Amino acid sequence: MNAELASLARRARIHAALGDPARLAIVDALSLGDASPGEIAHTLDMPTNLVAHHVKVLTEAGLVVRTRSEGDRRRTYLRLQPAALAALTPPPLADVGRVVFVCTHNSARSQLAAALWKRRTHGDAASAGTKPAARVHPRALAVAHRHSLDLDATATAHVNDVVRADDLVIAVCDNAHEELTGPVRPRLHWSVPDPVRIDTDEAFETAYADLADRVDRLAPTTTLRGTR
């Protein structure tokens, strides 16, 4: 089993262990401090034999360890393993250099996404389109201005002129994701509705909020090249 499959198997065991409400309650109780099985039983009003069963499952999943009391050596305490909970998150995207956001016309979503990525990570980012327009859409410029993002009104470009082999390419529209099946192929796809179709300030604000949320979720899971 390779490392990726081993990680998936471990995460699946942890998810399975947390899939019972009683075990989740035990984990919650241990998240703030250690406790003996008897104390857990009292706190959760649970039979001790049931606590023992659930603790066994949690221990086998690597979520809980037992330690012997330094006072009464007959007593044991349960300790939560935070690293096991942290392992539930997917592995990070490692060694990411430049991120290139792609949409159809490179006039709104991809431009906003690149600007958001630069501000959020201080990393290198660019944008491009499969059928680039001559200019950035005025409402995209307006929403960027409202949120203190800097967009160049004339800086649109075609994917073939922008994307390099080692770029992380993210399609921020369905059309670009479906069209790019050749050498330039998105690694990630964000299905962000096209605000130009509706062409209102509200539609552009909605697209901005969607992109900002996605950038905020991706950034912590990404290891930028040269930052490790």
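Residues numbered from 1 in each chain as written. Predicted model: local features only at pLDDT ≥ 70, side-chain atom pairs only at ≥ 80, totals over all residues. Heavy atoms only, no water.

**Focus: the UniProt feature "domain: HTH arsR-type" (unreviewed entry) in the protein**
Item 1. In the UniProt entry, the feature "domain: HTH arsR-type" (unreviewed entry) is given for residues 3-100.
Item 2. Here residues 3-100 runs as 52% helix and 16% strand, with 28 Å between its end C-alpha atoms. (UniProt positions renumbered as here; feature names shortened; annotations may be inferred. Helix = DSSP H or I, 4+ residues; strand = E, 2+ residues; numbered from the N terminus.)

**Description of the side chain of Asp-167**
Item 1. With respect to the secondary-structure elements, Asp-167 resides in the loop between helix 8 (159-162) and strand 6 (168-171).
Item 2. Among the polar contacts made by the side chain of Asp-167, one reaches the side chain of Arg-98 at a distance of 2.7 Å.
Item 3. Within polar-contact distance, the side chain of Asp-167 engages the backbone nitrogen of Arg-164 at 2.6 Å.
Item 4. Excluding its chain neighbours within four sequence positions, the residues that come into contact with Asp-167 are Arg-98, Val-100 and Val-162. (Polar contact = N/O pair within 3.5 Å; in protein donor to acceptor, adjacent residues only side chain to side chain. Contact = heavy atoms within 4.5 Å.)

**Some details on the layout of surface pockets**
Item 1. Approximately 210 Å³ is the volume attributed to the largest pocket.
Item 2. Looking at the largest pocket, it is lined by 16 residues, and the ones nearest its centre are Thr-104, Arg-109, Asn-175, Asp-194 and Arg-197.
Item 3. A class-by-class count of the residues in the lining of the largest pocket yields six nonpolar, six polar and four charged.
Item 4. Reported here for the second largest pocket is a volume of approximately 170 Å³.
Item 5. Every residue along the wall of the second largest pocket is listed here: Gln-111, Ala-114, Ala-115, Lys-118, Ala-125, Ala-126, Ser-127, Asp-150, Leu-151, Asp-152 and Ala-155. (1 Å grid on protein atoms, 1.4 Å probe; cavity = no way out; pocket = protein on both sides within 12 Å on 5 of 7 lines; lining within 4 Å. Points joined across faces, edges and corners; volume = space filled by probe spheres on them. Nonpolar A, V, L, I, M, F, W, Y, C, P; charged D, E, K, R; others polar.)

**Concerning helix 7 (residues 138-146)**
Item 1. Restricting attention to buried positions, one finds in helix 7 the residues Ala-140, Val-143 and Ala-144. On an axial view of helix 7, the arc spanned by its buried residues comes to 105°, and they lie on one face. Summarising the geometry of helix 7, the exposed residues directed more than 90 degrees from the buried face are Pro-138 and His-145.
Item 2. The secondary structure elements touched by the buried residues of helix 7 are helix 6 (109-121) and helix 11 (201-218).
Item 3. In the segment just after helix 7, Ser-148 is the residue with positive phi, at about 60°. (Buried < 20%, exposed > 50% of the residue type's maximum accessible area, 1.4 Å probe, protein only. Arc of directions from axis to C-beta.)

**Observations concerning the sheet that holds strand 6**
Item 1. Spatial strand order, 5-4-6-7: four strands in an open sheet with parallel pairing. With partners counted over all chains shown, the strands left at the sheet margins are strand 5 (125-129) and strand 7 (188-189), one partner each.
Item 2. Judged from the five bridges that link them, strand 4 (residues 99-103) and strand 5 form a sheet pairing that is parallel. Across the sheet, Val-99 pairs through a bridge with Ala-125, a residue of strand 5. (Pairing = 2+ DSSP bridges.)

**Comments concerning the packing of aromatic side chains**
Each aromatic ring pair is summarised here by two numbers: the centre-to-centre distance and the angle between the ring planes.
Item 1. Tallying each qualifying case throughout the model produces two aromatic pairs.
Item 2. Centroid distance Phe-101 to Trp-190: 5.7 Å. Interplanar angle 45°. Geometry classified as tilted. In this pair, Phe-101 is assigned in strand 4 and Trp-190 in the loop between strand 7 and helix 10 (195-198), connecting sequence segments 89 residues apart.
Item 3. Members of the aromatic cluster, joined through ring pairs, are Phe-101, Trp-117 and Trp-190. (Phe/Tyr/Trp six-rings, centres within 6.5 Å; stacked < 30°, edge-to-face > 60°.)

**Observations concerning the domain arrangement of the protein**
Item 1. Segmentation of the protein into domains returns domain 1 (1-87) and domain 2 (93-224).
Item 2. On a C-alpha basis, the centroid separation for the pair domain 1 and domain 2 is 43 Å. (Domains from an automatic or database assignment.)

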